[in-house]
Amino acid sequence: MRRLSIVIPALNEAPNLPTVMANIPVAELAAAGWETEVIVVDNASTDDTAAVAASLGARVVHQPRRGYGNAYQQGFDAATGDVIATGDADCTYPFDALPDMLATMAERDVEFLTTNRLGRQNREAMKRSHAVANHALSALSRRLFRNGLRDSQSGMWVFRRYVWSGLDVRSPGMAFSQEIKNAATRAGYRFLEVPIEYRQRGGEVKLNALPDGVANLRQLFEHRFRRDADVRPEQRTTASVPGPRQADAEPGRDVRSGQYEAV
């Protein structure tokens, strides 16, 4: 049986974790041939995040250095799955869509699948100011990295584990999300972006819009023009073509119904 690691960073998300964990379709994944481990990365929470996660069956990994990127790096290093999936602990991401996403990866021979939350159907789930900032950052990211991704800031990705071993991703904070996408596409891994349902957040918003936005902006330019490669060739375990290669997809189809959409 194949193994899937679902990595969820969490900072003071104890109230949301029961809903998040209940949304993970473990039985459906098992029926499709996937053994699932859920890793909750407790990012120095001051509430009962770790205890609640453990009580719900998650494996808890502790990262005392706060930061979105720091949490993910700790979680990825702890993951044992053949494939890694991600999403936040705030109830916004559709973990119940994972069986369809995994099927799409297999059908399209994709190594890195990312998601687009910025469709019109999700307008009510995101503050207008955040949506504008996401569109602006994504447009700049597309221009700098030429990978065509419509949502550079989305926090839900599904990728083969060896991809992480082949990337040099450094951001300790929120910029980690755009950096891993741009590093994976620039390294030449086969990638695809699919639309998802984005849901209303539960609990307190952790995003610091202005400082996080400025940090993301700075990181885009630093990443684009840094001299070292995104690939660590000695850790690559599979061949991939040079430069970004987007997997072929048929336009107008939606992963939420087990289908997919080209960007």
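Residues numbered from 1 in each chain as written. Predicted model: local features only at pLDDT ≥ 70, side-chain atom pairs only at ≥ 80, totals over all residues. Heavy atoms only, no water.

**Q** I'd like to hear about the overall build of the chain, residue by residue, with values.
**A** Looking only at helices and strands, one finds nine helices and eight strands in the chain. Per-residue burial over the chain gives 53% buried out of 263 residues. For the chain, restricting intrachain contacts to residue pairs at least 6 apart in sequence, the fraction spanning at least 24 positions comes to 78%. Summed over its atoms, the accessible surface of the chain is roughly 11700 Å², and 50% of this surface lies on carbon and sulfur atoms. (Helix = DSSP H or I, 4+ residues; strand = E, 2+ residues; numbered from the N terminus. Buried < 20%, exposed > 50% of the residue type's maximum accessible area, 1.4 Å probe, protein only. Contact = heavy atoms within 4.5 Å. Areas by Shrake-Rupley, 256 points an atom, 1.4 Å probe, with all protein chains shown as cover.)

**Q** Go over the nonpolar core, please, and point to the residues and values.
**A** Core analysis: the biggest nonpolar cluster contains 35 residues, and L4, I6, I8, L98 and V158 have the highest contact counts within it. Not counting chain neighbours up to four residues away, the residues in contact with L98 comprise L4, I6, L29, A85, M156 and V158. Listed in part, the 27 residues of the second largest apolar core include W157, V169, A183 and A187. (Core = buried A, V, L, I, M, F, W, Y, C linked by side-chain atoms within 4.5 Å.)

**Q** Describe the pattern of salt bridges, naming the residues involved and giving the relevant values.
**A** Per the stated rule, a full pass over the model turns up 13 salt bridges. The closest approach of N and O atoms between R190 and D109, which form a salt bridge, is 3.2 Å. Of this pair, R190 sits in strand β7 (residues 190-195) while D109 sits in the loop between α5 (98-108) and β5 (112-116), and the two are 81 residues apart along the sequence. R190 sits in the buried class, given a relative accessible area of 15%. D168 serves as the salt-bridge partner of R170, at 3.0 Å between the closest nitrogen and oxygen. For R170, a relative accessible area of 44% gives the class partly exposed. Several salt bridges converge on common partners, so that one network encompasses R3, E35, E37 and R59. (Salt bridge = Lys/Arg side-chain N within 4 Å of Asp/Glu carboxyl O.)

**Q** Before we move on, could you go through unusual backbone geometry and cite the residues and values that matter?
**A** One non-glycine residue, N12, adopts positive backbone phi at about 55°. Looking at the element boundaries, N12 is found in the loop between β1 (2-10) and α1 (17-22). Relative accessible area serves as the criterion here: at 24%, N12 is assigned to the partly exposed category. One non-glycine residue with positive phi stands out, namely D109, at about 55°.

**Q** Explain the pairing of strand β6 (residues 157-160) residue by residue, including any values.
**A** Both strand β4 (residues 83-86) and β6 contribute to a ladder of three bridges, which runs antiparallel. Along β6, the bridge assignment pairs A85 with V158. Where β5 and β6 come together, three bridges link them in antiparallel fashion. Across the sheet, F112 pairs through a bridge with F159, a residue of β6. (Pairing = 2+ DSSP bridges.)

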